[in-house]
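Residues per chain are reported as follows:
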Amino acid sequence: QVQLVESGGGLVQTGGSLRLSCAVSGRGYSINAMGWYRQAPEKQREFVAAITAARSTNYADSVKGRFTISRDYAENILYLQMNSLKPEDTAVYYCTQGLYSGGTYVPQSWGQGTQVTVSS
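Parameters at a glance
- Residues numbered from 1 in each chain as written.
- Predicted model: local features only at pLDDT ≥ 70, side-chain atom pairs only at ≥ 80, totals over all residues.
- Heavy atoms only, no water.
- Disulfide = S-S within 2.5 Å.
- Helix = DSSP H or I, 4+ residues; strand = E, 2+ residues; numbered from the N terminus.
- Buried < 20%, exposed > 50% of the residue type's maximum accessible area, 1.4 Å probe, protein only.
- Pairing = 2+ DSSP bridges.
- Core = buried A, V, L, I, M, F, W, Y, C linked by side-chain atoms within 4.5 Å.
- Contact = heavy atoms within 4.5 Å.
- Axes fitted to C-alpha atoms, helices over the stretch in contact; angles between N-to-C directions.

(A) Focus on the state of the cysteines. Applying the stated rule across the entire model yields one disulfide. Disulfide pairing places C22 opposite C95 at an S-S distance of 2.1 Å. Classification of the bridge connecting C22 and C95 rests on its S-S torsion, roughly -75 degrees, and on that basis the disulfide is left-handed. Here C95 lies in strand β9 (residues 91-101) and C22 lies in strand β3 (residues 18-25), a separation of 73 residues in the sequence. There is no split in this pair, since C22 and C95 are both buried.

Next comes the structure, spelled out in structure tokens:
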């Protein structure tokens, strides 16, 4: 059983930055892919970014060039550095652990989420 605990969310102005962290406990961190999803009010949950065990990454087009996903194996932490934030980035952000199937990241475990609010 894996546990995922996010932190680092908050309120920031347009153009600002935030770094989300996800502390991972349990089995499989070093061999599994990890990712971030988000859900804005009244919208479906959407993929943000993912990273393989070998640190290959992929991003949603909406965040490419602004967000960076990374992982620390020594501390078992997943990060999401978010720069040049926009009001449309406002959402609850979820840390996930999963796998790649047919080239697509498939989340299997979810954290409780952390709120990010970007004011205009």
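After that view, the rundown keeps rolling.
(B) Seen up close, the pairing of strand β7 (residues 67-72). Every second residue of β7 is oriented toward a common face, the buried set being F67, I69 and R71 and the non-buried set T68, S70 and D72. Of the strand pairs in this sheet, β7 and strand β8 (residues 77-82) are connected by six bridges, and their pairing is antiparallel. What sits directly across from D72, in β8, is I77. Turn length for the β7-β8 hairpin, with the two strands adjacent in sequence and antiparallel, is four residues, and the turn residue N76 shows positive phi of about 55 degrees.

(C) Region of interest: the nonpolar core. W36, L80, M82 and Y93 are the most contacted members of the largest nonpolar core, which totals 28 residues. Of all the secondary-structure elements, those providing two or more residues to this core are β3, β4 (33-39), β5 (46-51), β7, β8, β9 and β11 (114-119). The greatest single-element share of this core, amounting to four residues, is contributed by β3. Once you skip the residues sitting within four places of it in the chain, M82 turns out to touch G16, S17, L18, L20, R66, F67, Y93 and V116.

(D) Representation of the sheet that holds β7. Strand order across the open sheet formed by four strands is β1-β3-β8-β7, with antiparallel pairing between neighbours. The two strands at the open ends of the sheet, each matched to only one other strand, are β1 (3-7) and β7. Taking the axes of each pair of neighbouring strands and ignoring which way they run, one obtains an average angle of 15 degrees across the sheet.

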